[in-house]
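Chain by chain, the residues:
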Amino acid sequence: MIELSQDQIDQFNDDGFLFVDNLIDEETVEEIKQHYELMFRGTFETGIRPDEVNWQEGTSDPSLTRQICNGWKGDRAIARVVLREDIGRACATMGGWPGARIKVDNVLWKPPGTRPLGMHQDSAYLAWINPSDMISCWIALDDTTADSGTMEVVRGSHKWRHSKPEGEFHGPEDYQKYMLQAAAAEGIDEPEVVPVVAKKGGGSFHHGWTWHGSGFNRATFPRRSLVSHCISSESEYVPENIGTGTGPMYGRYMRHGDRAMGEDYFPILWTRDGHRSPWIDGWLGAA
Ligand SMILES: O=C(O)CCC(=O)C(=O)O
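Residues numbered from 1 in each chain as written. Predicted model: local features only at pLDDT ≥ 70, side-chain atom pairs only at ≥ 80, totals over all residues.

Draft legend 1. Structural detail: the overall build of the protein chain. A tally of helices and strands in the protein chain yields 7 helices and 14 strands. Relative to its length of 287 residues, the protein chain is compact, with a C-alpha radius of gyration of 18 Å against a globular reference of 19 Å. Reported as C-alpha extents along the three principal axes, the dimensions of the protein chain are approximately 45 × 40 × 40 Å. Going through the 287 residues of the protein chain one by one, you find that 50% of them count as buried. (Helix = DSSP H or I, 4+ residues; strand = E, 2+ residues; numbered from the N terminus. Rg over C-alpha atoms; globule rule 2.2 N^0.38 Å. Buried ≥ 20, exposed ≤ 12 C-beta atoms within 10 Å, placed from the backbone.)

Here's what the structure looks like:
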């Protein structure tokens, strides 16, 4: 159960990220890793294919990071972590929101030797919702080291100007390029890039405007992680921007003439006044 102190919230507000140990226990880490094996071979426990299956064994480029988005729809072991009430509460508390819902999750697996993920600001891809703020909980499934391609976050960069979506996410030549341009625009020559060095089961929260990404995995062991990306429970569609950022993918769930985001697709994890999408816990309990 995540309980944040005021010091931790202040640190998140200052830095744009917060490192936290023991987000999930060892047994859950091992269970999830087994389910990663299945998912990247195309086996989805619920029978539903997640929204973005960007890597599959046998057909995809082995030099790229394996990625699935909205793994929670395909696998309840993943959903039991991603849809946790306390993750929603922590994100809402740090965001100053009345509650939190899931926008998307990321199932990530970076084997030794695989290429970088380009640095970006998550909220740059969210002009199709309002508010477009995001706070993410990134959980390591392997112990990480600075050279194992772990996520890197840039201290204080959530206070920089807001970027536009730019560059490749998977395997760019220079994964820090756009972040360094943004730093230069702020008059910062040497931005402080901080690797998320965590024990498996621990990880970090980061702000939607914090620059982050990751380099090559130069270690001899894999770097796997699971990420819950939360938005405010009150976020609504902005139909005029639906063709921007990640809108073309996730705007498919918009109902005509209705700005409200449906709880079947963007479930509410926690609100201050006691709401959690009623189907979640029953569905998670079902074998
Ligand atoms: O794990 C990484 O390297 C990047 C993940 C990411 O972009 C995110 O969690 O928002």
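This is not the end of the story, as more comes after the structure.
Draft legend 2. Layout of unusual backbone geometry. Put simply, Asn-130 and Pro-131 share a cis peptide bond, and its omega is -5 degrees. One can find Pro-131 in the loop between strand S6 (129–130) and strand S7 (135–140). Despite not being glycine, Asn-22 shows a phi value in the positive range, around 50 degrees. Structurally, the position occupied by Asn-22 is in the loop between strand S1 (17–20) and helix H2 (26–39). When the 12 C-beta atoms within 10 Å are taken as the criterion, Asn-22 is described as exposed. We note that Asn-70 has phi near 65 degrees; this positive angle belongs to a residue other than glycine. As for its position among the elements, Asn-70 is in the loop between strand S3 (66–69) and helix H3 (76–82). Look at Asn-70 and you get buried, because 25 C-beta atoms sit within 10 Å.

Draft legend 3. Broad picture of the site of the ligand. In the neighbourhood of the ligand, the contacting residues comprise Asn-106, Leu-108, Leu-117, Asp-122, Ser-136, Trp-138, Met-151, His-212, Gly-213, Ser-214, Ser-225 and Val-227. When contributions to the shell around the ligand are tallied by element, the ones reaching two or more residues are strand S4 (99–110), S7, strand S11 (212–214) and strand S12 (223–232). Residue contributions to the shell around the ligand peak at 3 residues, all from S11. Taken together, the residues of the shell around the ligand sort by class into 5 nonpolar, 6 polar and 1 charged. (Near = placed C-beta within 6 Å. Nonpolar A, V, L, I, M, F, W, Y, C, P; charged D, E, K, R; others polar.)

Draft legend 4. Geometry of the pairing of S3. By the alternation rule, side chains of S3 split into Arg-66 and Ile-68 and Gln-67 and Cys-69, which are all buried. Where strand S2 (residues 52–53) meets S3, 2 bridges bridge the pair, whose relative direction is antiparallel. Looking at the pairing, Val-53 lines up with Ile-68 of S3. (Pairing = 2+ DSSP bridges.)

Draft legend 5. Just the sheet that holds S11, in detail. Read from one edge to the other, the open sheet built from 4 strands follows the order S5-S11-S8-S9, with strand pairing classed as antiparallel. Pairing within the sheet leaves two strands with one partner each, and these edge strands are strand S5 (117–120) and strand S9 (193–195). In this sheet, adjacent strand axes meet at a mean angle of 25 degrees when their direction is disregarded. Across 3 bridges, strand S8 (residues 151–154) lies against S11 in antiparallel orientation. Directly across from Glu-152, in S11, lies its bridge partner Gly-213. (Axes fitted to C-alpha atoms, helices over the stretch in contact; angles between N-to-C directions.)

Draft legend 6. Representation of the nonpolar core within the structure. With 72 residues, the main nonpolar core has Ile-78, Cys-91, Ile-139, Phe-205 and Leu-226 as its most contacted residues. Among the elements that make up this core, the one with the highest residue count is S4 (6 residues). Beyond its immediate chain neighbours, meaning those up to four positions away, Leu-226 contacts Ile-32, Ile-78, Val-81, Val-82, Asp-105, Val-107, Ile-139 and Leu-141. (Core = buried A, V, L, I, M, F, W, Y, C linked by C-beta atoms within 7 Å. Contact = placed C-beta atoms within 7 Å.)

Draft legend 7. Geometry of the pairing of S4. Among the 12 residues of S4, 12 are classified as buried, and the element is accordingly described as predominantly covered. When S4 meets S12, the two strands line up antiparallel, connected through 10 bridges. From the neighbouring strand, Asn-106 faces S12, where its bridge partner is Val-227.

Draft legend 8. The arrangement of the environment of Ala-198 in detail. Among the secondary structure elements, Ala-198 is positioned in the loop between S9 and strand S10 (203–207). Taking the C-alpha atoms as reference, Ala-198 lies 7.3 Å from Asp-21; in sequence the two are 177 residues apart. In this structure, Ala-198 is in contact with Phe-19, Ala-140, Thr-144 and Gly-203, ignoring residues within four places of it in sequence.

Draft legend 9. Summary view of H2. In this model, H2 (14 residues) spans 20 Å end to end at C-alpha, consistent with the 20 Å of a helix rising 1.5 Å per residue. Taken together, the buried positions of H2 are Val-29, Ile-32, His-35, Tyr-36 and Met-39. End-on, the buried residues of H2 take up no more than an arc of 130 degrees, which puts them together on one face. Relative to its buried face, H2 has exposed residues pointing more than 90 degrees away, namely Glu-26, Glu-27, Glu-30, Gln-34 and Glu-37. Looking at the buried residues of H2, the elements they touch are S3, H3, S4 and S12. (Expected span 1.5 Å × (residues − 1). Arc of directions from axis to C-beta.)

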